[in-house]
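Take a look at the letters that make up each chain.
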Amino acid sequence: MFLLTITLVTSSWCVNLTFPPSFKFGAATAAYQVEGAWNVSDKGEGIWDRLVHEKPWKIADGSNGDVACDSYHLWERDIEMAVEMGLQMYRLSISWPRLLPNGFANYISEDGKNYYNNLIDGLLKNNIEPVVTLYHFDLPQILQDLGGWANPYISDWFADYARVVFSLYADRVKTWITINEPLGVCDGGFADLAAPGVVSPVGVYLCTKNIVVAHAKAWRIYDKEYKPLYHGQLSLSSLFFWFYPSTRTEEDEEAAELARQYMDGKFSHPIYTKEGGWPPSVEKIITQNSIKEGYSRSKLPPFSQEEIELVKGTYDYFALNYYTSRLVRRPRPGEKIGVWPFNGTDEMGLVFEAHPAWELAGAPWFSIVPEGVRDQISWIRQNYNNVSVLVTENGFGSTDHGLHDGKRSQFIKSHLEQLLLSIKEDGADIQGYIAWTLMQNYEWYSGYTFDFGLYHVDHNSSLRTRTPRDSAKYYASVIKARSLNVPIK
């Protein structure tokens, strides 16, 4: 293992610390994690509703999102918080089972429709741009019962759902995300790391193809029917840790690139490259593994030529979720590879590990590596036609739920520094930065034990009282000054 030759940045570096006039600041939430009201009105059951009620032992503290931050009732307070920080963007997601209770487009919930109308209109009245995600992990359970993301018909179901959402809100929403973190949906959802909690090495790849096609169909609808009217932009948000080679050897350099192609390229290569289709290196290995494992065909379903053309070019920008980085190498003789993101990917024969010099946030997998976001953006631009980037998630997770969170403020600062370097040194087109998350919310399998919030939420209070942390005040000062020349208190 070698010490990475990365440049650490401090507030004294020579590049101007002021953000370009076009750069926007925001914060994000997701429906299941904040809304609560899981069975209010005619809302349908979602896959997380089913999982947390039937298998509460899977959640670190046995909790659920039945009430969460109660944003379904407290959405006006959420907007107040965004105003207090001076946000220019607020990323939210639509709950598919809240808007379409039976999963299909033949019935639209009036209460669900009005909830999102009120939230979107309230943001716009306060000059805050809504950034809307169509799917953030909350599939209607009725569709999961039909196979969920492993059923090829889901690309049409998702397209129908997308058309409903566009028809209701596209006149006011200019920035869209179709699907959040497909790696988490597929590799997580079919490895029991997330709902629906299915374990299937075949399901992972059925999901991978279906989610790419679903995104493409939704993008085509927007591009043809709504973009000419409202001139918005739409993409799919990508999560993958940035990967550095563990050593300078050619073998580890290749391993790091393979990790990038597996973790992100499965979803990005079909969309952003001129040739389309699966990343060749990934497709080759999965096919070889499938044969060795006795399958009659590759676990990774091929694209037809028609599907390749359908998917290629279905983007307007690159939506990037970045949290951390990993070193990558091949396993040593006899070494067992654990489950990603903690140890590696057995499919590709890769081991992930942290550099000993990297500081940890609040979990063993969460190394603080701000330089990774700059390197990741450079790789994206190099591989995907110098695409414009919007950082749609970045945040500091901790088990410390107090108000004085200087480490979170430092995390924000160090990552924003790297974005400024990307813009001013590398020439990157970065539209803005959306912090995860606006408030202390329900964090999936971690329940309420692990926390990214800029605002503290008292989950023991029926009022779900929200209180700004030091990080919220720091972020607000950066936004107001449009500069990193402000102190962390």
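Because the structure is a prediction, the values reported are computed rather than measured.

(A) Representation of the overall build of the protein. Of regular secondary structure, the protein possesses 15 helices and 14 strands. Compactness check: the protein gives a C-alpha radius of gyration of 21 Å against a globular reference of 23 Å for 489 residues, within 12% of the reference. Out of the 489 residues in the protein, the part that is buried amounts to 63%. On the protein, roughly 18200 Å² of surface is accessible, and the fraction owed to carbon and sulfur atoms is 53%.

(B) Just the state of the cysteines, in detail. For the structure on display, the rule yields one disulfide. Between C186 and C207 runs a disulfide, and the two sulfur atoms are separated by 2.1 Å. Across the S-S bond linking C186 and C207, the dihedral sits near -75°, which makes this disulfide left-handed. Within this pair, whereas C186 is found in helix α8 (residues 182-188), its partner C207 is found in helix α9 (residues 203-230), the two being separated by 21 residues in sequence. Summarising the burial analysis for this pair, C186 and C207 share the class buried.

(C) Spatial organisation of unusual backbone geometry. Residue P196 is bonded to the preceding A195 through a cis peptide linkage, with omega at 10°. Note on placement: P196 falls in the loop between α8 and α9. Between W436 and T437 the backbone carries a cis peptide bond, its omega angle lying at 5°. For N386, which is not glycine, the phi dihedral falls at a positive 55°. Relative to the helices and strands, N386 resides in the loop between α13 (371-383) and β11 (389-393). Relative accessible area serves as the criterion here: at 47%, N386 is assigned to the partly exposed category. The residue R482 is not glycine, and still its phi comes out positive at about 55°. With respect to the helices and strands, the residue R482 is situated in the segment after α15 (470-481).

(D) Structural view of the nonpolar core. Ranked by size, the top nonpolar core spans 166 residues in total, and within it W48, W149 and W176 carry the most contacts. The element best represented in this core is α9, accounting for 13 residues.

(E) Representation of the pattern of salt bridges in the model. Tallying each qualifying case throughout the model produces 29 salt bridges. The closest approach of N and O atoms between R77 and E84, which form a salt bridge, is 2.7 Å. When its relative accessible area of 21% is taken as the criterion, R77 is described as partly exposed. D121 is the partner of R172 in a salt bridge, and the nearest nitrogen-oxygen pair spans 2.8 Å. In this pair, R172 is assigned in the loop between α7 (154-169) and β4 (175-180) and D121 in helix α5 (residues 110-125), connecting sequence segments 51 residues apart. One network of salt bridges, in which partners are shared, links E45, R50 and E54.

(F) Focus on a negative patch on the surface. A contiguous patch of negative charge on the surface is contributed by E250, E251, E253 and E254. For E253, the position within the fold is in helix α10 (residues 250-272).

(G) Main features of the packing of aromatic side chains. For the coordinates displayed, the defined rule picks out 45 aromatic pairs. Between the aromatic rings of Y323 and F452, the centroid separation amounts to 5.7 Å while the plane-to-plane angle is 70°, which identifies the pairing as edge-to-face. Of this pair, Y323 sits in the loop between β7 (318-321) and β8 (325-329) while F452 is found in the loop between β12 (430-436) and β13 (455-457), placing the two residues 129 residues apart along the sequence. F452 shares its class with Y323; the two are buried. Joined through ring pairs, the aromatic side chains of F241, Y323, W365, F366, F396, F411, F450 and F452 make up one cluster.

(H) Spotlight on α9. The principal kink in α9, of about 45°, is found at D223. H231, located one to two residues past α9, shows a positive phi value of around 60°.

(I) Molecular detail of the sheet that holds strand β10 (residues 350-353). The strand order across the open sheet formed by four strands is β6-β8-β10-β9, and the pairing between neighbours is mixed. Looking along the sheet, the strands with just one partner apiece sit at the ends: β6 (242-245) and β9 (344-345). Here two bridges tie β9 to β10, and the two strands are oriented antiparallel to one another. Residue G344 lies in a different strand from β10, and its bridge partner there is V351.

(J) How the structure looks around the confidence of the model for the protein. Summarising the model, the protein shows a mean pLDDT of 95, and 97% of its residues fall at 70 or more. Of the regions scoring below 50 in pLDDT, residues 1-12 engages in 32 contacts with residues more than four places distant in sequence or in other chains.

(K) Region of interest: helix α2 (residues 47-54). Taken together, the buried positions of α2 are I47, W48, D49, L51 and V52. Where α2 is buried, its residues touch α1 (31-34), β3 (129-135) and α6 (141-144).

(L) Structural context of the environment of L239. By the secondary structure assignment, L239 is in strand β5 (residues 233-239). Relative accessible area serves as the criterion here: at 14%, L239 is assigned to the buried category. With 154 residues separating them in the primary sequence, L239 and E393 have C-alpha atoms 8.9 Å apart. Discounting chain neighbours no more than four positions away, the residues touching L239 are E181, L183, M263, N321 and Y323.

Conventions we followed
Residues numbered from 1 in each chain as written. Predicted model: local features only at pLDDT ≥ 70, side-chain atom pairs only at ≥ 80, totals over all residues. Heavy atoms only, no water. Helix = DSSP H or I, 4+ residues; strand = E, 2+ residues; numbered from the N terminus. Rg over C-alpha atoms; globule rule 2.2 N^0.38 Å. Buried < 20%, exposed > 50% of the residue type's maximum accessible area, 1.4 Å probe, protein only. Areas by Shrake-Rupley, 256 points an atom, 1.4 Å probe, with all protein chains shown as cover. Disulfide = S-S within 2.5 Å. Core = buried A, V, L, I, M, F, W, Y, C linked by side-chain atoms within 4.5 Å. Salt bridge = Lys/Arg side-chain N within 4 Å of Asp/Glu carboxyl O. Patch = residues over 30% accessible without salt bridge, like charges linked within 9 Å, V, L, I, M, F, W, Y side chains within 5 Å. Lys, Arg positive; Asp, Glu negative; His and termini not counted. Charge placed at Lys NZ, Arg CZ, Asp CG, Glu CD. Phe/Tyr/Trp six-rings, centres within 6.5 Å; stacked < 30°, edge-to-face > 60°. Bend = angle between axes of the 7 residues up to and from the residue. Pairing = 2+ DSSP bridges. pLDDT = per-residue confidence, 0-100. Contact = heavy atoms within 4.5 Å.

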